[in-house]
Amino acid sequence: ERVQYQTRKAILRLQIVGSTEREQVGLLHKALLEEKSFELRQWAGRRLGEIGGEDARKALTGAMEDPKSPGRDAAWKGLMIGVEKGHWKHEDVQTWLAK
């Protein structure tokens, strides 16, 4: 699993280089929902939180809305990183998730 994670993460990083922010968010959102790699989901959630913005917020909250989503934990952590970075307010996150 560790080698697969490192390989997938390296491929994802290469895909992200030179991509627009929207493309990066799309790639990271896909990784956030990947069932096979816990570590990749965690990394993708963190990166989305660091990026911030509306597209990243939608990707993270979307993963939180599905109770069966493998990326729920990573999405929550990503949202909290976004709060720490000043992208979002904690109250806003609570409101988004209450809907």
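Anything mentioned here points back to the structure above.
Criteria and thresholds
- Residues numbered from 1 in each chain as written.
- Predicted model: local features only at pLDDT ≥ 70, side-chain atom pairs only at ≥ 80, totals over all residues.
- Heavy atoms only, no water.
- Helix = DSSP H or I, 4+ residues; strand = E, 2+ residues; numbered from the N terminus.
- Expected span 1.5 Å × (residues − 1).
- Buried < 20%, exposed > 50% of the residue type's maximum accessible area, 1.4 Å probe, protein only.
- Contact = heavy atoms within 4.5 Å.
- Axes fitted to C-alpha atoms, helices over the stretch in contact; angles between N-to-C directions.
- Parallel < 35°, antiparallel > 145°, perpendicular 65-115°, else oblique.
- Left-handed = near helix turned anticlockwise from the far one by under 90°.
- Nonpolar A, V, L, I, M, F, W, Y, C, P; charged D, E, K, R; others polar.

Draft legend 1. How the structure looks around helix α4 (residues 53-65). The terminal C-alpha atoms of α4, which comprises 13 residues, lie 18 Å apart, in line with the 18 Å expected from a rise of 1.5 Å per residue. For α4, the complete set of buried residues consists of Ala56, Arg57, Ala59, Leu60, Thr61, Ala63 and Met64. Buried residues along α4 sit against α2 (21-32), α3 (38-51), α5 (72-84) and α6 (90-98).

Draft legend 2. Fine view of the environment of Asp55. Inspection of the secondary structure puts Asp55 in helix α4. Once you skip the residues sitting within four places of it in the chain, Asp55 turns out to touch Arg22 and Val25.

Draft legend 3. Spatial organisation of the packing of α4 against α5. Packing of α4 against α5 leaves a shortest axis separation of 8 Å and a crossing angle of 140°. In terms of axis orientation, α4 runs oblique to α5. Of the two possible hands of crossing, α4 and α5 adopt the one that is left-handed. Mapping the contact onto sequence places Leu60, Thr61, Ala63, Met64 and Glu65 in α4 and Arg72, Ala75, Trp76, Gly78 and Leu79 in α5. Looking at the contact of α4 with α5 residue by residue, the classes come out as six nonpolar, two polar and two charged.

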